[in-house]
Amino acid sequence: EELAAVLAKGDPKVVGFVECLSVCHTVILEKNHATGEVTFQAESPDEEALVDGAGLLGYKYVDKTQTTIVVDVNGTQKTYTVLAIIEFTSTRKRMSCLVKGPNGKHKLLVKGADNIMFDRTAPDGYGPVGGEETINA
């Protein structure tokens with residue numbers, strides 16, 4: 001509930017976090033045209049859970065093509081053009097997705113294991129920046 005309340009206020013850090021969860025993934029939508037039911041096929045239960053969580057927060061993944069991902073943000077459909085994807089591997093322990101957002105701006109969305117991401121969030125790119133303090137900011 002706290003995250004949803006902060007998201008509703010439009011905090012850019014939280015919006016960016018949820019946007020990343022809803023866009024940076026390899027989940028495939030399967031639609032049953034007879035019932036209208038939509039199911040996800042994900043490479044891992046974690047990836048499916050992150051996409052589901054974003055949906056519960058109002059960023060619902062609704063469509064995907066070879067080059068786009070569509071997210072319904074509280075009733076407004078936003079289309080992201082996927083320019084490049086580096087899929088998650090056990091070596092990298094993260095996934096990166098370069099997209100052109102609905103506003104025409106390019107974004108590099110990255111998600112991954114916390115021990116890997118902490119090292120990459122420092123201003124110089126090489127050291128820690130506060131660990132839990134940074135995440136909870």
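It should be noted that the structure appears before, not after, this text.
All of these numbers come straight from a predicted model, not from anything done at the bench. (Residues numbered from 1 in each chain as written. Predicted model: local features only at pLDDT ≥ 70, side-chain atom pairs only at ≥ 80, totals over all residues. Heavy atoms only, no water.)

Caption draft 1: Summary view of the environment of N103. Here N103 is to be found in the loop between β6 (94-100) and β7 (106-112). The exposure class of N103 is exposed, given its relative accessible area of 54%. Counting along the chain gives 23 residues from N103 to Y80, while the straight-line C-alpha distance between them is 9.1 Å. Of note is the side chain of N103, whose polar atom sits 2.9 Å from the backbone nitrogen of K105. (Helix = DSSP H or I, 4+ residues; strand = E, 2+ residues; numbered from the N terminus. Buried < 20%, exposed > 50% of the residue type's maximum accessible area, 1.4 Å probe, protein only. Polar contact = N/O pair within 3.5 Å; in protein donor to acceptor, adjacent residues only side chain to side chain.)

Caption draft 2: Structural view of helix α2 (residues 12-23). The end-to-end C-alpha distance of α2 is 16 Å, a good match for the 16 Å that twelve residues give at a rise of 1.5 Å each. Among the residues of α2, those classed as buried are V14, V18, E19, C20, L21, S22 and V23. (Expected span 1.5 Å × (residues − 1).)

Caption draft 3: Main features of the side chain of D72. With respect to the element layout, D72 can be found in strand β4 (residues 68-73). One buried charge, D72, has no salt-bridge partner; the nearest side chain with opposite charge is K60, at 7.2 Å. At a separation of 2.7 Å, a polar atom in the side chain of D72 contacts the main-chain amide nitrogen of G75. In this structure D72 touches G58, Y59, K60, V62 and Q77, once residues within four positions along its chain are discounted. (Lys, Arg positive; Asp, Glu negative; His and termini not counted. Salt bridge = Lys/Arg side-chain N within 4 Å of Asp/Glu carboxyl O. Contact = heavy atoms within 4.5 Å.)

Caption draft 4: Seen up close, the pairing of strand β5 (residues 76-86). Pairing analysis gives six bridges linking β4 to β5, with the strands arranged antiparallel. Bridge pairing links V71 to K78 in β5. Where β4 folds back onto β5 in an antiparallel hairpin, the turn is made up of two residues, including N74, whose phi is positive at roughly 50°. As paired strands, β5 and β6 are joined by five bridges and run antiparallel to one another. Note on β6: the bridge partner recorded for I85 is C97. (Pairing = 2+ DSSP bridges.)

Caption draft 5: Representation of the sheet that holds β7. On the basis of which strands lie adjacent, the open sheet formed by five strands has the order β3-β4-β5-β6-β7 and antiparallel pairing. Of all strands in the sheet, those with a lone pairing partner are β3 (59-64) and β7, marking the two edges. Mean inter-strand twist for the sheet, computed between neighbouring axes without regard to direction, equals 35°. Against the sheet, helix α3 (residues 45-56) engages β3, β6 and β7, with an angle of about 115° to β3. (Axes fitted to C-alpha atoms, helices over the stretch in contact; angles between N-to-C directions.)

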